[in-house]
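Take a look at the letters that make up each chain.
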Amino acid sequence: MFKQRIIPTCSKERYERTSKINREEENETSEREPINQEPAQRNEPTTQPVPPIQEPVEQPVQDPQQRETVPPTTNQPAQEPTIAPPEQPETTPNQGTTLDPTRFIFASTEPYPEITNAYPSMYEVKLIKWQTASRDSEMSAVATYMYQSYILQDEYPLIADTLKQIAIVEMRHLDLLSEAIVDFGGNPNLTDGRGNVWTGRNILQIRNPREILLADIRGEEKAIRDYQIAASKTCNASLAALFERIIIDEQDHIIILNELLSTL
């Protein structure tokens, strides 16, 4: 058997102190010494910084009806708004807007001269009858103008009424010439002084309005020439004056007919 070592009390206390000191020094030494082992490094994946997500900014939605288009700014001066012309009233075809039969002068205001110093003369009677009842006479003018007014009454009422007024003046000429035939001892029986009786075949039967007016103008021009010839042939001054007075009316009729023609 082992024998237990007996340590004296003083020695035992010194031993314990020494042991305690040694232990404390060992602990301090272990704490001071650096640790050579490095901890294993972890291969952690490197992550890039993620930029912050920008949320879309909501734009205010405009009502399509409230959207206004802004015209591009230019240096041109502002144009004044154009004003549409007033609508013209509808007119009947080929009547024009200036035709007013009431302003026409169908006969001159100059009075017709009276026949004086009349004596029986077959020469004067034949001269007057040719202007009264021949193919291009006052009787033909009256009948032709009335016929034309009837033809044009429905489609061209203003022209028809104007031609009727001209016919009334031509009827007045026919009346004056018939009285002059009686004054010179003749018979106003609608003959032309050459044995021909006036007939309806002398009426110019045209239905086209433009052709009617052109024919009427030619008829009035021929009548003027015939009256000029008759005035130069008669031996009676009052009869010559009557022929010349009728010419004035025929000239007015040409003016009227030309104005009617301009409306077509």
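Residues numbered from 1 in each chain as written. Predicted model: local features only at pLDDT ≥ 70, side-chain atom pairs only at ≥ 80, totals over all residues. Heavy atoms only, no water.

### Looking at the packing of aromatic side chains
Within a pair of aromatic rings, the relevant descriptors are the distance that separates the centres and the angle that separates the planes. What counts, and what does not: Aromatic pairs are defined between Phe, Tyr and Trp rings, using the six-membered ring for Trp, whenever the two ring centres lie within 6.5 Å; interplanar angles under 30 degrees are classed as stacked, those over 60 as edge-to-face, and all others as tilted. Labels follow the DSSP assignment, with helices taken as runs of H or I lasting at least four residues and strands as runs of E lasting at least two, numbered in each case from the N terminus. Only protein chains enter the calculation, and the probe is 1.4 Å; a residue is then buried if its accessible area is under 20% of its type maximum, exposed if over 50%, and partly exposed in between. Whether a charge sits over a ring comes down to the Lys NZ or Arg CZ being within 6 Å of the ring centre and within 35 degrees of the ring normal.
Scanning all chains against the criterion turns up 3 aromatic pairs. A centroid spacing of 5.7 Å and a plane angle of 45 degrees characterise the contact between Tyr227 and Phe243, whose relative ring orientation is tilted. Taken together, the residues Tyr227 in helix H5 (residues 209-233) and Phe243 in helix H6 (residues 237-262) connect sequence positions 16 residues apart. On the basis of relative accessibility, which here comes to 0%, the residue Phe243 falls in the buried class. Arg194 extends its terminal NZ or CZ atom over the ring of Trp130, reaching a point 3.9 Å from the ring centre. For Arg245, the ring lying beneath its charged end belongs to Tyr112, and the centroid distance is 4.1 Å.

### Observations concerning H5
We apply this condition: By this rule, a helix spans an expected 1.5 Å times one less than how many residues it contains. Two N or O atoms count as a polar contact when they lie within 3.5 Å, although within protein this holds only if one can serve as hydrogen donor and the other as acceptor, and sequence-adjacent residues are included solely when both atoms are side-chain atoms.
End to end, H5 covers 36 Å across 25 residues, agreeing with the expected 36 Å (1.5 Å per residue, within 8%). Taking the backbone nitrogen of Arg210 as reference, a side-chain oxygen 3.1 Å away marks Asn208 as the first, capping residue of H5.

### Topic: the layout of surface pockets
Rules: Here a cavity denotes grid points, spaced 1 Å and computed from the protein atoms alone, that fit a 1.4 Å probe unable to get out, and a pocket denotes an open set having protein on both sides within 12 Å along at least 5 of 7 lines; residues with an atom within 4 Å of a point are the lining. Grid points are joined across faces, edges and corners, and a volume is the space filled by probe spheres set on the points. Charged residues are taken to be Asp, Glu, Lys and Arg, nonpolar residues to be Ala, Val, Leu, Ile, Met, Phe, Trp, Tyr, Cys and Pro, and polar residues to be all remaining types, Gly included.
Of the pockets and cavities examined, the largest pocket occupies roughly 440 Å³. Lining the largest pocket we find 24 residues, and of these Arg135, Asp136, Ser140, Ala141 and Gly219 sit closest to its centre. For the lining of the largest pocket, the element with the highest residue contribution is H5, accounting for 9 residues. Of the residues contributing to the lining of the largest pocket, the split by class is 7 nonpolar, 6 polar and 11 charged. The computed volume of the second largest pocket comes to approximately 270 Å³.

Fair warning: the whole summary comes from geometry, so function is off the table for now.
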